[in-house]
Amino acid sequence: MIPGVRAFGIPLLLILSACMTSAPKSAGPEIHCRLEPVVPDRIRFELSNPNGPDLWVLKWNTPLEGIAGPALRVTRDGEELQYQGPMFKRANPSREDYILVPAHGNVEATVDLNGPYDVSRPGLYTIAATGNLFDVTSIESALPRPRDRHEPMPLDCTAITFEITP
């Protein structure tokens, strides 16, 4: 063995070991989504920002703008209900189309499912959010952004199930 090699090898090994066991780098901002039944025909939709920084989210295709499109998948007894509400063609968003989800905070909206969906009959209902958040940014001064500069984020909500009885 060459003198000094072992002394050099151990510190290098310790450095490499520390790098391999350190916490993984963050993949960027996180938005958590939650659905909750409120009364038989209403649900609460919540977006939370557990880690920060402040995030600006385009409300389109979420209950944060009300139900203005098929942003939810609604089934009754396993059969998908057709969305019966308005459909919109959209130009580029305006500043008012975004909502702040503060660092370590949340935003929520309660929406009525009656009208856009026929939830008047008894049955076992399952509600799931669909699609992605169309645009998410931490840079308020960049708002509004044209569609070709949107940065979407997956919308991962656990579906909820509840029963409406006669």
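Residues numbered from 1 in each chain as written. Predicted model: local features only at pLDDT ≥ 70, side-chain atom pairs only at ≥ 80, totals over all residues. Heavy atoms only, no water.

**Student:** What is the right way to read the nonpolar core from this model?
**Tutor:** In a soluble, globular protein the nonpolar side chains are often hidden away together inside. In terms of nonpolar packing, the biggest core is built from 32 residues, with Ile43, Leu47, Leu72, Leu113, Tyr117 and Ile127 touching the most fellow members. Going through the elements one at a time, strand 1 (32-39), strand 2 (42-49), strand 3 (55-58), strand 4 (72-76), strand 7 (105-112), strand 8 (123-129) and strand 12 (160-164) are the ones with two or more residues in this core. Residues within four places of Leu47 in sequence aside, it is in contact with Ile31, His32, Cys33, Val57, Leu64, Val101, Gly105, Asn106, Val107, Leu133 and Leu155. Counting five residues, the second-largest nonpolar core is a separate cluster that includes Trp56, Leu58, Tyr98 and Leu143. (Core = buried A, V, L, I, M, F, W, Y, C linked by side-chain atoms within 4.5 Å. Buried < 20%, exposed > 50% of the residue type's maximum accessible area, 1.4 Å probe, protein only. Helix = DSSP H or I, 4+ residues; strand = E, 2+ residues; numbered from the N terminus. Contact = heavy atoms within 4.5 Å.)

**Student:** When you look at the pattern of salt bridges in this model, what are you seeing that I'm missing?
**Tutor:** Once the charged atoms of two side chains with opposite charge are near each other, the side chains can pair. Tallying each qualifying case throughout the model produces ten salt bridges. When the shortest N-O distance is used, the salt bridge between Arg95 and Glu140 registers 3.1 Å. Of this pair, Arg95 sits in the loop between strand 5 (79-80) and strand 6 (98-101) while Glu140 sits in the loop between strand 10 (136-137) and strand 11 (153-154), and the two are 45 residues apart along the sequence. When its relative accessible area of 42% is taken as the criterion, Glu140 is described as partly exposed. Within the structure, one salt-bridge network assembled from shared partners comprises Arg34, Glu36, Arg44, Glu46 and Glu108. (Salt bridge = Lys/Arg side-chain N within 4 Å of Asp/Glu carboxyl O.)

**Student:** What's the story with the sheet that holds strand 10 in this structure? I'm lost.
**Tutor:** An order of 6-3-10 is seen for the three strands of this open sheet, with the pairing classed as antiparallel. This sheet does not close on itself; its edge strands, each paired only once, are strand 6 and strand 10. Bridging between strand 3 and strand 10 involves two bridges; their strand directions are antiparallel. When the bridges of strand 10 are listed, Trp56 appears paired with Thr137. (Pairing = 2+ DSSP bridges.)

**Student:** Would you mind showing me how to read the state of the cysteines here?
**Tutor:** Note: disulfide means a covalent bond formed between the sulfur atoms of two cysteine side chains. In this structure the tally under the stated criterion is one disulfide. Each sulfur of the disulfide joining Cys33 and Cys157 lies 1.5 Å from the other. Taken as a pair, Cys33 in strand 1 and Cys157 in the loop between strand 11 and strand 12 lie far apart in primary sequence, 124 residues in all. (Disulfide = S-S within 2.5 Å.)

**Student:** Would you explain the packing of aromatic side chains in this entry?
**Tutor:** Considering all chains together, one arrives at two aromatic pairs under this definition. Above the ring of Trp56, the side-chain terminus of Arg95 is found at 4.2 Å from the ring centroid. (Phe/Tyr/Trp six-rings, centres within 6.5 Å; stacked < 30°, edge-to-face > 60°. Lys NZ or Arg CZ within 6 Å of the ring centre and 35° of its normal.)

Function cannot be inferred from these measures alone, as they are strictly geometric.
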